[in-house]
Every structure is written in structure tokens, then in C-alpha cells.
Amino acid sequence: MDIKLQQVSYAYAKGTPFEKYALFDVNVAITSGTYQAIIGHTGSGKSTILQHFNGLLKPSKGQVHIGDRIIEADKKAKELKPIRQKVGIVFQFPEHQLFEETVLKDIMFGPMNFGIPKEEAERRARELVQLVGLPEEVLEKSPFDLSGGQMRRVAIAGVLAMEPEVLVLDEPTAGLDPRGQKEIMDMFYTLHKERGLTTILVTHSMEDAARYADEIVIMHEGRSVMTGTPRELFNDTEALKQYRLELPRIVKFQRRIEKMLGIKLPKVCLTEEELAAEVALVVKGREQT
Amino acid sequence: MMEKMIFGRYIPGDSFVHRLDPRSKLLFVFAFIVIVFLANNTITYVLLLAFTIGVILLSRIRLYFLINGLKPVIFLMIFTFLIHILFTREGTVLIDWGFLKVYEEGLKQGIFISIRFLVLVFMTSVLTLTTSPISITDGVETLLGPFKKVKLPVHELALMMSISLRFIPTLMDETDKIMKAQMARGSDLSAGSLKDRLKAVVPLLVPLFVSAFKRAEDLATAMEVRGYRGGEGRTRYRQLKWDVSDTLAIASLVVMAVLLVYFRN
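These figures come from a predicted structure and were not determined experimentally.

Reading guide: rules and limits
Residues numbered from 1 in each chain as written. Chains lettered and ligands numbered in written order. Predicted model: local features only at pLDDT ≥ 70, side-chain atom pairs only at ≥ 80, totals over all residues. Helix = DSSP H or I, 4+ residues; strand = E, 2+ residues; numbered from the N terminus. Rg over C-alpha atoms; globule rule 2.2 N^0.38 Å. Contact = placed C-beta atoms within 7 Å. Buried ≥ 20, exposed ≤ 12 C-beta atoms within 10 Å, placed from the backbone. Pairing = 2+ DSSP bridges. Axes fitted to C-alpha atoms, helices over the stretch in contact; angles between N-to-C directions. Parallel < 35°, antiparallel > 145°, perpendicular 65-115°, else oblique. Nonpolar A, V, L, I, M, F, W, Y, C, P; charged D, E, K, R; others polar. Domains from an automatic or database assignment. UniProt positions renumbered as here; feature names shortened; annotations may be inferred. Core = buried A, V, L, I, M, F, W, Y, C linked by C-beta atoms within 7 Å. Expected span 1.5 Å × (residues − 1). Right-handed = clockwise from strand over helix to strand, strands pointing away.

Chemist: Describe in detail the overall build of chain B, supporting the description with residues and values.
Modeler: The secondary structure content of chain B amounts to 10 helices and 2 strands. Mapped from its N terminus to its C terminus, chain B presents α and β elements in the order α-α-α-α-α-β-β-α-α-α-α-α. The C-alpha radius of gyration of chain B comes to 24 Å, more than 25% above the 18 Å expected for a compact globule of 265 residues. Seen along its three principal axes, the alpha-carbon backbone of chain B occupies a region of about 70 × 55 × 35 Å. Within chain B, counting contacts between residues at least 6 apart in sequence, those at least 24 apart form 76% of the total.

Chemist: Give a description of the overall build of chain A that names residues and reports values.
Modeler: Helix and strand counts for chain A come out as 11 helices and 10 strands. Relative to the globule expectation of 19 Å for 289 residues, the C-alpha radius of gyration of chain A, 21 Å, shows essentially globular dimensions. Each of the three principal axes of chain A carries a C-alpha extent, and together these read 70 × 50 × 30 Å. When each of the 289 residues of chain A is scored for burial, the buried share is 42%. Pairs at least 24 apart in sequence give 64% of the contacts found in chain A among residues at least 6 apart.

Chemist: Could you give an account of the pairing of strand β4 (residues 61-66) of chain A, naming the residues involved and the relevant values?
Modeler: Residues and elements named next belong to chain A. Here 5 bridges tie strand β1 (residues 3-12) to β4, and the two strands are oriented antiparallel to one another. Note that in β4 the partner of Ser9 across the bridge is Lys61. Here β4 hands over to strand β5 (residues 69-71) after 2 residues, with Gly67 in that stretch at a positive phi of 60°.

Chemist: Which residues make up the sheet that holds β5 of chain A, and what are the values?
Modeler: All names here are of chain A. Judged by pairing direction, the sheet is antiparallel, and its 4 strands sit side by side in the order β2-β1-β4-β5 without closing on themselves. Edge strands, defined here as strands with exactly one partner in the open sheet, are β2 (20-30) and β5. Going from strand to strand, the sheet's axes swing by 25° on average, the running direction of each strand aside.

Chemist: A description of the packing of helix α2 (residues 22-35) of chain B against helix α7 (residues 133-144) of chain B should follow, citing residues and the corresponding values.
Modeler: Residue and element names in this part refer to chain B. For the pair α2 and α7, interaxial distance at closest approach is 8 Å and the crossing angle is 75°. By the angle class used here, α2 and α7 are roughly perpendicular. Residues Pro22, Arg23 and Leu26 of α2 pack against Ser135, Ile136, Asp138, Gly139, Val140, Thr142 and Leu143 of α7. Residues of the contact of α2 with α7, tallied by class, amount to 5 nonpolar, 3 polar and 2 charged.

Chemist: Go over the interface of chain B and chain A, please, and point to the residues and values.
Modeler: Taken together, the contact pairs 23 residues of chain B with 28 residues of chain A. When residues of the side of chain B that touches chain A are traced back to their parent elements, those giving at least two are α8 (154-184) and α9 (194-225) of chain B. Of the residues contributing to the side of chain B that touches chain A, the split by class is 12 nonpolar, 5 polar and 6 charged.

Chemist: So what about the domain arrangement of chain B? Which residues, and what values?
Modeler: We note that the domain assignment places domain 1 (2-131 + 240-263) and domain 2 (165-225) within chain B. One C-alpha centre belongs to domain 1 of chain B, the other to domain 2 of chain B; they are set 36 Å apart.

Chemist: Requested: an account of the UniProt feature "transmembrane region" (unreviewed entry) in chain B, with residues and values cited.
Modeler: Residue and element names in this part refer to chain B. Feature annotation in UniProt places "transmembrane region" (unreviewed entry) on residues 26-51, 63-87, 107-129 and 244-263, given in this structure's numbering. The distance separating the terminal C-alpha atoms of residues 63-87 is 33 Å; by composition the span is 88% helix and 0% strand. Its end C-alpha atoms 32 Å apart, residues 107-129 is made of 100% helix and 0% strand.

Chemist: Explain the nonpolar core to me, and be specific about the residues and the numbers.
Modeler: Nonpolar side chains in soluble globular proteins tend to end up buried together. All names here are of chain A. The biggest cluster of nonpolar side chains holds 81 residues, and the ones touching the most others in it are Ile107, Ala125, Ala161, Val168 and Ile200. Ranked by residues supplied to this core, first place goes to helix α5 (residues 148-160) with 7 residues. Ignoring any residue separated from it by four or fewer positions in sequence, one finds Ala125 in contact with Leu104, Ile107, Met108, Leu139 and Ala161.

Chemist: How would you explain helix α6 (residues 104-130) of chain B if you had to name every residue and give the values?
Modeler: All names here are of chain B. Counted at 1.5 Å a residue, the expected span for α6 with its 27 residues is 39 Å, and the 39 Å between its end C-alpha atoms agrees. Buried within α6 are the following residues: Gly106, Gln109, Gly110, Val119, Val121, Phe122, Ser125, Val126, Leu127, Leu129 and Thr130. Residues of α6 that are buried in the fold lie against α1 (16-19), α2, α3 (42-59), α4 (63-70), α5 (74-87) and β2 (101-103).

Chemist: Would you mind going over the environment of Leu265 of chain A in detail, with residue names and values included?
Modeler: All names here are of chain A. Residue position: Leu265 is located in the loop between α10 (249-261) and α11 (272-288). Among the residues examined, Leu265 registers 17 C-beta atoms within 10 Å and is labelled partly exposed. For the pair Leu265 and Arg255, spaced 10 residues apart in the sequence, the C-alpha separation amounts to 9.0 Å.

Chemist: Explain the sheet that holds strand β6 (residues 87-90) of chain A to me, using residue names and the numbers behind them.
Modeler: Residue and element names in this part refer to chain A. Pairing is mixed across the open sheet formed by 6 strands, whose spatial order is β6-β7-β8-β3-β9-β10. The sheet terminates laterally at β6 and β10 (223-228), the two strands that pair on one side only. The average undirected angle you get between the axes of adjacent strands in this sheet is 20°.

Chemist: Please give an account of the pairing of strand β7 (residues 166-170) of chain A that cites residues and values.
Modeler: Residue and element names in this part refer to chain A. Burial runs high along β7: 5 of the 5 residues are buried. The alternating pattern of β7 places Val166, Val168 and Asp170 on one face and Leu167 and Leu169 on the opposite face, and all of these are buried. The sheet contact formed by β6 and β7 spans 4 bridges and is parallel. From the neighbouring strand, Gly88 faces β7, where its bridge partner is Leu167. By the bridge criterion, 5 bridges tie β7 to strand β8 (residues 198-203) in an arrangement that is parallel. Directly across from Leu169, in β8, lies its bridge partner Leu201. With helix α6 (residues 178-195) bridging β7 and the parallel β8, this β-α-β connection has right-handed handedness.

Chemist: Any details on the environment of Thr130 of chain B? Residues and values, ideally.
Modeler: All names here are of chain B. Assignment of secondary structure puts Thr130 in helix α6. The sequence separation of Thr130 and Leu159 amounts to 29 residues, and the corresponding C-alpha distance is 21 Å. Other than its neighbours up to four places away in sequence, Thr130 contacts Gly13, Val17, His18, Ser59 and Ile61.

Chemist: Account for the domain arrangement of chain A, naming residues and giving values.
Modeler: Residues and elements named next belong to chain A. Under the domain assignment, chain A is made up of domain 1 (3-247) and domain 2 (248-289). Put simply, the middle of domain 1 and the middle of domain 2, counted by C-alpha atoms, are 33 Å apart. Opposite the 9 residues of domain 1 that make contact, domain 2 presents 9 residues. Contributions of two or more residues to the side of domain 1 that touches domain 2 are made by α7 (206-212) and α8 (230-233). Among the elements that make up the side of domain 1 that touches domain 2, the one with the highest residue count is α7 (4 residues). Looking at side-chain class alone, the side of domain 1 that touches domain 2 contains 5 nonpolar, 1 polar and 3 charged residues.

See the structure below:
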């Protein structure tokens, strides 16, 4: 599903003396099937923008297009529910949303709210619990008996169970151990590829943005300031500095290698594998001469 | 939704009223609540109203906040006003529509009662709008100080009060977040039958309780780690200071009370 934000502004506490704009004229266009990252420093408006993707917040000004639906300031709440089935959001620390007696019921909560029959919801839950890397036995346990990392996975399964076409992820791996982080990010990436999802990753991890995203939007003080592919953006060190963002570790590493070897690699490498291959090419080239 | 709740919120400022000692403000408001009931005729009610307007002007609070504070009680005000108009049968008849008669005395009583509501709400709003929750707690703790002698755990009560005040915004944020997460999963709090709506509250309450208990536990640990062991021998960071202006404020209230007693029927 295509998603488009047109000149979206959003004010918290609108109409009161506490009115405060968090977004100004934001324009973002996401083509169906894209893995889109939204990066920005703390307080840049990332989390506010995220809530516009399924109508949790309505723009104070401007329009949000989600598929063929348009969300505007005066849209009624009723018309927003169908959108929420199409757009699943994994919030930051999603384990805080667990409430049911058993993991199974919690995963089934989302789909059943959208009128999916019980049997189908249960089938999805059984399938998903394995996909997120948990043994099937946890289905009968209380979610509050699980470890933090397991709860996170259950919560993610609960969002996936709605089978959304668009998946919005807000720092989905915050607070997990490095291995868990990689597992979960890889799982999202596989899903993205296999099911042809449109994925929107809101993050301040430059590494994740570099590794997974097709397109990146940089948010700064409530505005969308730059858009481009990871390779384009991470080549522009000056601009990143201006928006108080770091280079991904791997790009920094590449810069150091280039400095030490006195060379310039033909492209910015976004993953370890890519960098290794590029450096190997150079080294081989040297051996031959 | 949460961001619209402004009633009782502290608005920082630097007016005469803002600078008063919380103790004098608390005493002032409590005494005011009592003397409001002394008023019983036109002149005393006018005095009360004038006095309240004077305090509001001194506090330099924008009218917006006071009107907002009125919202929760506006229904009650209208209701009592109507009761008085419809059921008091004294004095001359002002309107006579056969089935509905409005008497002069009824209208008068209705207006009096409304003024009473108005000044009470305005005065208490001025207190909460000009005094930070933490100073109110400090004030309450010192004012209740003497009761320590009768084994009233004053310090503990004040601590409980300040902790709960401190966590109201946190819990509200939390509620907002959980609500949004459940809404994103298709839960609908604003539609369906009463039963459906009640059922929709469970996914909200369970996580909220879980996190509140967790927070309480974390806070208790953090306090213990930093050596907290009750109020015994504890010194204060914020010292309360009684000024000339505080004496003045109380004096003005005494004058007001005397005037009310003098002019009432």
C-alpha cells in the first residue's frame, strides 16, 4: 500500500494555551513494498509521525494518504478502524501492551477485533509464535511469566497476527541483547521480503537503517529534511552532522580503512559483508600488480 | 485526550499570589470556604464576588484556565440554579406561564447559589493554579505538623501525597500509550454497547496496573538504595518562609469575614 504524507503539521494540545507543534509541513512518500527508515535525533518528531500512519493521530493540517484512504483533521474515528487492520504498529516496548491470561489469547486479540474467526486467529497464533522464535508451549502460559525478551516476541506476534500490509516499527529492538536484536530485525526483514510488506522502521540506530532500508527520511526538529537511499545519505557526512546524526559504525570503519590504505572505495558499504568484499577486491588487485 | 485536562494544573508565574507561602494560601482557602457561607444577602454576595475578582487579578491568571476549571461543575451549577428558580415560592411573581411560575426570591436564591459555586471553584482553582503540587504538599505537611504528637504519620502521608502527584502525569502518559497500542490492535473504546466498552477497558487496565506496580517497586528500591528511612530527623531542601505578604493575605481575609458578619442579615 502506498503511503503519502502531504504537508502534514501536527500540534499537541491544539486549541489550548499549551498548543505545541511537533511536526511542520512534513512530506513523505512511501511506495508499496519499500523498506523505509525514518531516522532522527531525539525529539525530532519521529514518534509523532509514526502515529499518523494508522490514524492514531490526525494531522492538524495537511493530508495523510494510506492506500486509497485519506486522513484529514476532521475525519471521524469510525472511518479509521479499517486502516488499522492494514497498518500494524509495533510500538516501542510493545511488551507493555500484553494483558491476556495466556499468550495464545493475547496474540488472538488483534485479529479477533477485526472480525477474524476464532479458528483462523488461533491458526495464525500457532504459526507466528514459531516465526518469532518461541516454542509452542508458551502459548498456554501467562505472558507475565515470560522473560522480557520473550514478552517482546509475543507482543510482536500479536501485531503480525492481524496480517497487516504495512508494518510500522518503532525502535523494535530497544533494550534487547545484541543477539536478540539481530534475530528480530532479520525476522522482520524476511517477512518484508516474503510477504511483500511495506515496512516503516523508526529508529535512531544508523546501523539498522543502513543494513535494511531501501529509503531513508531524516527528521529534524519536526521537519522532514532529507530523503534518499542509505548510500546517498551516508555519503553526506556534513549533512548528517548538521542534523546531529552519526555515521553507521560500518561506514566509519570504512573511512578508517580508506585512510590507512590511502584509497577510496568506489561506494559506501552498508554491511560488513559488502565492506569485506570491496576491501578484498582492492587487496587482490594490489597482489596482482 | 489527556492533554485537555487542565483543571487543577499548576501554571508557573511570578505574581503576588504565586509568591505567597503555601501555608498561608492553604489557610486562606480553607478559611475562605468557611466564610463563604456567611453571605446571605445581596451586599454580602457582591462583597464575596468583588473579593474573589480581586484575588484573581492579583494572581494574574488567564481567565481561560479558570473557565476551564468550571467545566466539571457547570452542570451542578445549572441544576441547583434551576431547582431554586422552580421551587422557591416567595416574593412577587416575575414570570407566570401558568404551569411555571418564577418568583423574585427564587431568582435571587438561584443567583446567590451560583455565585457561591463560582467563588468556591475560582478560589480553589487559584490555589492549585498558582501553587506547585510539591509546595502544596510541603504546606500540608507543616500545617499538620502538630498532629505528629498524636501519632499521625504526617511525613508519610505527605510523602504519599507527593509521590502520587508526581506520578499522575507519568501514569497518564502510560495510559495514553497503552490505549494507542490497543487501538492499533483494533480495540475500540468509543464504540459499541456498554458491555463492549466495559470489555474494552480490560486491555487497558491490566497493563496499566502491571506497570504501576512495577514502577512502585522500582521507586521503593531506588529510595532504599539512597538511604531513605522515613521522616525522622530529615532536613528540608525547600524552606518555607512566612512573609509580611502572607500576614497581609490572612489579614485581608479577616477583614472580609468581619465585613460579612457586619452586613449579613
